[in-house]
Amino acid sequence: MSGLPLAFGAPFVLIGLLALPLIWWLLRLTPPKPREEVFPPTAILAEMDKREETPARSPWWLTLLRLLMAAFVILALAEPIWNPQEKVLRGEGPLLVLLDDGWASAPDFEARKRKTAQLLDEAEAAERPVALALASSGAEVDLTLGDVPTARTKLAAATPRPLVVDYPGIAARLDNQTLSSFGGIAWLSSGLDSEGARAIAQRASEAGVEAFNYAASDLQGLYAASSLNNTPEALEVNVERAMDGSAQGGSITAYDIQNRSIANAPFEFAKGEKSATARFELPVELRNEVARIAVNEAQNAGATRLLDERFRRRRVGLISGSRADSSQPLLSPLYYISRALRPFSEVRPARDAQVDAAVDQMLEENVSTLILADIGTMPNDVRDKVERWVNGGGMLVRFAGPRLSAAENDDLVPVELRRGGRSLGGTLTWGTPQPLAKFEEDSPFAGLTVPQDVTVTRQVLAQPGVDLVNRTWASLADGTPLVTAAPRGDGWVVLFHVTADAEWSNLPLSGAFVDMLRRIVAVSNGSIAADQARNSATGARAESAATQAASLPPLSIMDGFGRLGATPTDTKPLTVGGGTEPVVSLENPPGTYGTKDAFVALNLFNEPVGLAPFDTANLPENAIISGYGSGVAMPFKPWLLAAALILLALDCLAVLWIGGALRQRVKRGAKAAAAVMLAALFILPAQKSYAQDADPAIDFENSLRTRLAYVKTGDAALDKLSRKGLTGLTQFIASRTSLEPGEPVGVEIASDELAFFPLLYWPISTSGAVPNAAAMARVDAFMKKGGSVLFDTRDQINGGFGNRHVTPETARLREILQNLDIPALEPVPDRHVLTRAFYLLNVFPGRYLDGRLWVETSRERTDEADRPARQGDGVSSIMITSNDFAAAWAVEADGSPSLPIVPPNPTQRVYAYRTGVNIIMYTLTGNYKSDQVHIPALLERLGQ
């Protein structure tokens, strides 16, 4: 059909369209029914001569309507289908469906799931057992055979994972013996090439099974942010693509820690090139605020990159005691330091040779690291400024030299120094130049290669002491310290026992000097909080603490679409440090680990990836290669039959109109209506009208009886569950108390009157829309006039409201509450009225047990743990829980519970009902029972 995705289930029925000309000819010869006209003087008509009359033909528009009706019926019987799905399974025996759910599958994952569902339908029709294997499991992939319904359940829960699929591990599982047990393999691959992918194709070819490969339909838009470099000029991001075709461009967006967009940077792929670079030319302060970058709004985890302290450019201030900086730069101590730091730091040299003016300049510019090259004695006021800055979290790095070795009483160093210096290899010395010793495992420099050609000819010695070993970060071969460090308040003081130039050592000429400075500067962010987390990530350490592996809890985890969200339950803490680099795995997906103050970013890619499309020539000869299609099949038959019925109804109306029957009925109906209206004017008694008549839009039935109400969220399943829950609670209240509430009702907060209800139960749905400001203003007025709203996030199993991790439901609740004027909240205190409003309770469970019930904080703050939540007879206008109350209260028509309790404990459901009773009694009667708390004091005052 001209390349259109259209097929017919019964194409031979289309021959009936050839009958349309015959139908047109018959309709032209069939006149409409004559119209009857009433004319009393029939005698005149009888005397008129009879003449031959020619019948009138059908109107052209009526003929066209009938032809369209016939055409629609014929087309419907031909069963046209838009985007038909071709059946592909033709073999026999068990079927293995290998679904790629790695990072590259995210852009078209729904299309993969539709294709997988089609394969499962065909396998079910052919009664073939199926093994649905998710490739993200790697070597642990599940190849167990089962029925199709089980596979559908597994498919419904599948989502793209932010992982690189371990195809080598899968190929190892799919040996010839395993594959020979299957009659066919359907591989829904990502379309990317790898050694593991080629190994799987070879395994299928050797086993000789029926093979299908569904490659990605479009790799043109698949990108990966492979590497990042924060240069002195700009933040550079390297972007890779899978296809190397024509020129192509895009943009990268940078976000801060609060997910606010900072800047956009374009990138352009040249023709035939597979990598491009985007540059964020921003000030250092703004670049250091970047926490996440996303390529083209990041449709997958590979196109998103997270940044932590390792990617920040530190501002480093340089002050030298030498005056040869401008005249002989190669002899200046700052020359080598500046060259070593510029690739990864923002270097700020002193503008003034005076130490006091230079220090003031550095402190005003908020440097994170201050390097003093051979600064000996400092004025007391300058020394006090530097010491206060270090105690506040600064990193002070000092280099030895003639001035420092001659200084007296300088305690702004990590260890006590000997006056003078130690010479090695001179004419009048017995010693020889000393090489560097290997960096110890507990040193922040652990893992760096020790250059064999670096030697030290002179150094400043430290006085022996019990803490000298713990404060030594690097030493010479003879055991004397080369670099020492000690904490000072919240900051650090680090000392190189050699000069910053090549006068005492050739260390500044080596690459090890650059790496050592980089590791020191990496932690100088002005705050030394959470040392273990940051030090493990950067190589630095705390005093007397070895650089050992640290376990960091997950903070925010990335999903397969590159979005940061709540932590999955199977995520484990990330082990960092200890000489090993953390890697992405099922247990440690990409994301941030640690705390909000100090965290480590784990990314999917840290170096060039080398994306390339898979060569289908590696597949078996009998393999069927196909794409994922453009969507689901849509039959046109129902729509065509509906259109034919509509045309039939129009045809009937047209015939009645032409025949005059319809017009006569219209005329008679109009006359009757006019007569009735005229009679009403004289017969009906007059009624008084008032300016404040009741609004007919308000249903006052709800004011005649107490009813429980729930907020309609737009989620049909959730609203149904809320109605069942409040129905169950209503029945429980009627059987246990004297209150007999009416049937619960659902309310639209934007239109329904809320004043009739003492309490609104509001379950949080992530699929529903957030109410607008006008609707929330009505809720705010309802709460301020005495009403209460019980918000239920229903997410306790994923963390719950009030915990450290923000679930999607909690995030949606925050969006709703941002337009409400709510007071401070607290968990229900031990002696709050809610604990004794009807039943005596100390927990408030629902379907889940561990979530807390939050209410308004008492206006009268005291240190008493048993204080009430509010004074007087007021009721908390807002209550928040995560225990899913309605799910615990919900009952079916036969009275049985709708959903199970988690954990399955019948007593918990009883306490859930009691919680509901206490909440209803509290909202209806206030906190009158709180007066019982004061009975002892009242009796004491009365002298009894």
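Residues numbered from 1 in each chain as written. Predicted model: local features only at pLDDT ≥ 70, side-chain atom pairs only at ≥ 80, totals over all residues. Heavy atoms only, no water.

### Some words on the side chain of arginine 128
- Along the chain, arginine 128 turns up in the loop between α4 (109-125) and β4 (130-134).
- Within polar-contact distance, the side chain of arginine 128 engages the backbone oxygen of glycine 93 at 2.7 Å.
- Excluding residues that lie within four positions of it along the chain, arginine 128 makes contacts with Leu89, Gly91, Glu92, Gly93, Pro94, Leu95, Ala123, Val148, Gly183, Gly184 and Glu210. (Helix = DSSP H or I, 4+ residues; strand = E, 2+ residues; numbered from the N terminus. Polar contact = N/O pair within 3.5 Å; in protein donor to acceptor, adjacent residues only side chain to side chain. Contact = heavy atoms within 4.5 Å.)

### Re helix α5 (residues 148-156)
- Among the residues of α5, Val148, Ala151 and Leu155 are the ones counted as buried. Down the axis of α5, the smallest arc covering the buried residues is 55 degrees, so these residues share one side. In α5, those exposed residues whose orientation departs by more than 90 degrees from the buried face are Thr153 and Ala156. (Buried < 20%, exposed > 50% of the residue type's maximum accessible area, 1.4 Å probe, protein only. Arc of directions from axis to C-beta.)

### A few points about the nonpolar core
- Within the largest apolar cluster, 47 residues are counted, with the highest numbers of intra-cluster contacts made by Ile337, Leu341, Phe399, Leu436, Phe445, Leu482 and Val483.
- Those elements that provide at least two residues to this core are β14 (314-320), α10 (333-341), β16 (369-373), β17 (395-399), β22 (472-475), β23 (481-488), β24 (491-496) and α14 (511-521).
- Looking at which element gives the most residues to this core, the answer is α14, with five residues.
- With residues near it in sequence (within four places) discarded, leucine 482 still touches Leu436, Val456, Ala474, Ser475, Leu476, Leu495, Phe496, His497, Val498 and Leu507.
- One finds Leu726, Ile733, Leu834 and Val875 within the second-largest nonpolar core, a separate group that totals 34 residues. (Core = buried A, V, L, I, M, F, W, Y, C linked by side-chain atoms within 4.5 Å.)

### Examining the sheet that holds β24
- The strand order across the open sheet formed by seven strands is β15-β14-β16-β17-β24-β23-β22, and the pairing between neighbours is mixed. Single-partner strands in this sheet number two, and they are β15 (345-349) and β22. When strand polarity is set aside, the average angle formed by the axes of neighbouring strands in this sheet is 15 degrees.
- In terms of strand pairing, β16 meets β17 through five bridges, oriented parallel. (Pairing = 2+ DSSP bridges. Axes fitted to C-alpha atoms, helices over the stretch in contact; angles between N-to-C directions.)

### Focus on the environment of alanine 353
- Examined against the element boundaries, alanine 353 turns out to sit in the loop between β15 and α11 (355-364).
- Overall, the relative accessible area of 61% leaves alanine 353 in the exposed class.

### A few points about the packing of aromatic side chains
- One pass over the structure, following the stated rule, counts 19 aromatic pairs.
- Centre to centre, the rings of phenylalanine 399 and phenylalanine 496 are 4.5 Å apart; their planes meet at 15 degrees, and the pair counts as stacked. Within this pair, whereas phenylalanine 399 is found in strand β17, its partner phenylalanine 496 is found in strand β24, the two being separated by 97 residues in sequence.
- Judged by centre distance (6.1 Å) and plane angle (50 degrees), the ring pair of tyrosine 761 and tryptophan 889 falls under tilted. Highlighted residues: tyrosine 761 in strand β35 (residues 759-763) and tryptophan 889 in helix α21 (residues 885-889), separated in sequence by 128 residues. Like tryptophan 889, tyrosine 761 is buried.
- Every member of this aromatic cluster is reached through a ring pair, and the members are Phe439, Phe445, Trp473 and Trp492.
- Just above the ring of tyrosine 255 sits the side chain of arginine 292; from NZ or CZ to the centre is 4.2 Å.
- The ring centre of tyrosine 911 lies 5.3 Å from the NZ or CZ of arginine 914, which sits over that ring. (Phe/Tyr/Trp six-rings, centres within 6.5 Å; stacked < 30°, edge-to-face > 60°. Lys NZ or Arg CZ within 6 Å of the ring centre and 35° of its normal.)

### Quick look at unusual backbone geometry
- Geometrically, the link from valine 902 to proline 903 is a cis peptide bond, its omega value of -5 degrees lying close to zero.
- The residue proline 903 is located in the loop between α21 and α22 (906-925) in this model.

### As for the sheet that holds strand β7 (residues 223-230)
- Spatially, β7-β8-β11 is the arrangement adopted by the three strands of the open sheet, whose pairing is antiparallel. Lying at the two open borders of the sheet, with one neighbouring strand each, are β7 and β11 (275-280). Strand-to-strand twist in this sheet, taken as the mean axis angle between neighbours without regard to direction, amounts to 25 degrees.
- Of the strand pairs in this sheet, β7 and strand β8 (residues 235-241) are connected by seven bridges, and their pairing is antiparallel. Residue alanine 225 lies in a different strand from β8, and its bridge partner there is valine 239.

### Brief notes about the pairing of β23
- Within β23, seven of the eight residues are buried, leaving the element largely enclosed by the surrounding structure.
- Bridge count for β22 against β23 is three bridges, and the pairing is antiparallel. The residue bridging threonine 472 from the neighbouring strand is threonine 484, located in β23.
- Linking two consecutive strands that pair antiparallel, namely β22 and β23, is a turn of five residues; a positive phi of about 95 degrees is found at glycine 479 within it.
- Here β23 pairs with β24 via six bridges, running antiparallel. The residue bridging proline 487 from the neighbouring strand is tryptophan 492, located in β24.

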